[in-house]
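As a plain string of letters, each chain reads:
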Amino acid sequence: MVTTVQDPHFPQVHLRPPANWINDPNGLVFHDGYYHLFYQHNPAGPLHRHIHWGHFRSRDLLHWEPLPIALAPTPEGEDAHGCFSGSAVSHDGRITAFYSAYREDRWYQPVAAADSGPEGTDFTKRPDLVVPRPPHGVTTYRDPYVWRHTHGWRMLVGAGLRDGQGAALLYESDDLTTWRYLGPLPAADDPSGRQHTGEAWECPQLATFDDGRALLIASAWYQRTGPSHVVSWSGTSDQGQYHFGPPTRFDHGPDFYAPALLRAPDGRWLLWGWSWEARGGTGTWAGVLTVPREVTLTPDGRPRQVPARELEGLRTGQPLRTEIRALPREVNELDRLAGAADIRLRVSFGEDVAWGLRINSSDDGEEHLDLRLSEGTLTIDRGRASADPQAHVGRYTMPMPQAAPGRTAELRLLLDHSILEIFSHSGETLTLRYYPSSAQGWRLVTHNRATTRTTTEVEVHTLRTPDGDRK
Ligand code: FRU
């Protein structure tokens, strides 16, 4: 096994195997006392080739046990060049995985299935494709998402349509074997035209809530440039009919894609995304999954994402707690933090809203991320985050309605070596990658840029690697 312990960018609490390529989380399902998480994986190297389904399971969402590869391409078979993304259900004492069968000589990826043994391992592929061909008028076709619906089953498949729009195609089945096509799921356009939704939707996901509301999530893909960003539509689910309003951006960062949902036994919707590398030539490994997030809808129908509550179990030692009452223009430096940290910030503004946090990753301050709050907006800038010329730069924003005169903005940052996930109290998220040269940990510097006082409450927890260490 390749050792990654010395690699300053290898994540500590974000899930991935010790080496090689990963992309989408797949087949998330609770089965026989375990959360099962599969993922797109090339076991032979750090590039997207010859994709298998890797496999982890966990009882508590903290300790993940690596299991043997669940699905591998069958030479000459329908999936000869890859077992692409899909989902899974727990039924009749086993896991049935639905996936996209990839062959280089076919433009679409038909739906294939495989059944596990009672433990949720030892998959046997079904001999026939489940949906061998896409319907007419489709230009891209892959990524089945299957769920229980009343006494039967339903499935979405991600698609691109001839008119250049993405779609989620709806199917139904009584027995998980024979599927009937019902048509594309109706979802509204953005009346302002600002929220782009891609030329195809990859990995469509659907969450329904007890109050009759529903959330559709899809990953926007373009023919020329490939994967782009994630969009969601809020709506309703009424006796099997779905209606969705206009699309909104689901994560505001540049490095978040193909999220997948899991219905936990307690009814929560959990979600993991794939965070790709934001640089070239990555050595022995590439890709990481985000932490699990709990997804709900706010009273006004926006998706709200927060880190799964189980993650509090990763905290170790005494937290750092401090309150900084900063005068106009005051700069304050905090203690050094570990490479993996859970940071909570409560920033209370006076009349003027202008505040900054610099996350330094080198002692000389040369490498840093800059986070700023201005009225209504959070901005993160990774232009100076890495001395590596191959690292991607850029500035990203997310709505922050609490950043307002006389109000308090609450933020949570999960920092883990080369990935940062930002959560606002209102449930917006921003995920991004950055590549510091050293593994010394972080030094935080707050900067009240306002002409009035700003109070910052900080609480920092060091995160430990769960026992049963993956490294
Ligand atoms: C999304 C995706 C899926 C596809 C898989 C292939 O990242 O492109 O549409 O099934 O990855 O690895």
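Quick caveat: nothing in here was measured; it's all calculated off a predicted structure.

Asker: Account for the site of the ligand, naming residues and giving values.
Answerer: In the vicinity of the ligand, the contacting residues are Asn-23, Asp-24, Gln-40, His-48, Phe-84, Ser-85, Arg-142, Asp-143, Glu-202, Tyr-257 and Trp-274. The contact in question runs from an oxygen atom of the ligand to an N or O atom on the side chain of Asp-143, over 2.6 Å. The fraction of the free accessible surface of the ligand (320 Å²) that becomes covered by protein chains is 94%. Elements with a minimum of two residues in the shell around the ligand: strand S1 (20-31), strand S5 (82-91) and strand S9 (138-149). For the shell around the ligand, the residue count by class is three nonpolar, four polar and four charged.

Asker: An account of the side chain of His-149 is needed here, citing residue identities and associated values.
Answerer: Along the chain, His-149 falls in strand S9. Among the residues examined, His-149 registers a relative accessible area of 19% and is labelled buried. For His-149, the contacting residues outside a window of four places in its chain are Arg-154, Gly-240 and Tyr-242.

Asker: Talk me through the sheet that holds strand S27 (residues 368-374); I want residue IDs and the actual numbers.
Answerer: Read from one edge of the open sheet, six strands run S24-S33-S26-S27-S28-S29, paired in antiparallel fashion. Of all the strands in the sheet, just strand S24 (331-337) and strand S29 (395-400) have a single pairing partner and so form its edges. Strand after strand, the sheet turns through a mean of 15° between neighbouring axes, direction not considered.

Asker: Tell me what's going on with the sheet that holds strand S8 (residues 124-125), and back it up with residues and numbers.
Answerer: Ordered by their spatial adjacency, four strands build an open sheet running S5-S6-S7-S8, and the pairing between neighbours is antiparallel. In this open sheet, the two strands that pair with only one neighbour each are S5 and S8. Direction of pairing for strand S6 (residues 94-102) relative to strand S7 (residues 111-115): antiparallel, over a ladder of five bridges. In the strand pairing of S7, Ser-100 is matched with Val-111.

Asker: Explain unusual backbone geometry to me, and be specific about the residues and the numbers.
Answerer: Positive phi is not limited to glycine here, since Leu-61 has a value of about 70°. When you line up the elements, Leu-61 lands in the loop between strand S3 (52-58) and strand S4 (65-71). Phi at Asp-92 takes a positive value of approximately 55°, unusual for a residue other than glycine. Mapped onto the elements of the fold, Asp-92 is located in the loop between S5 and S6. Judged by its relative accessible area of 61%, Asp-92 falls in the exposed class.

Asker: Explain the packing of aromatic side chains to me, and be specific about the residues and the numbers.
Answerer: Applying the stated criterion across every chain yields a total of 21 aromatic pairs. Taking the centre distance of 5.7 Å and the plane angle of 35° together, the rings of Tyr-145 and Trp-147 count as tilted. The two residues Tyr-145 and Trp-147 agree in class, both being buried. Measuring from ring centre to ring centre gives 5.2 Å for Trp-274 and Trp-276, while their planes differ by 90°; the resulting arrangement is edge-to-face. The exposure classification of Trp-274 matches that of Trp-276, with both residues buried.

How each quantity is defined
Residues numbered from 1 in each chain as written. Predicted model: local features only at pLDDT ≥ 70, side-chain atom pairs only at ≥ 80, totals over all residues. Heavy atoms only, no water. Near = heavy atom within 4 Å. Polar contact = N/O pair within 3.5 Å; in protein donor to acceptor, adjacent residues only side chain to side chain. Areas by Shrake-Rupley, 256 points an atom, 1.4 Å probe, with all protein chains shown as cover. Helix = DSSP H or I, 4+ residues; strand = E, 2+ residues; numbered from the N terminus. Nonpolar A, V, L, I, M, F, W, Y, C, P; charged D, E, K, R; others polar. Buried < 20%, exposed > 50% of the residue type's maximum accessible area, 1.4 Å probe, protein only. Contact = heavy atoms within 4.5 Å. Pairing = 2+ DSSP bridges. Axes fitted to C-alpha atoms, helices over the stretch in contact; angles between N-to-C directions. Phe/Tyr/Trp six-rings, centres within 6.5 Å; stacked < 30°, edge-to-face > 60°.

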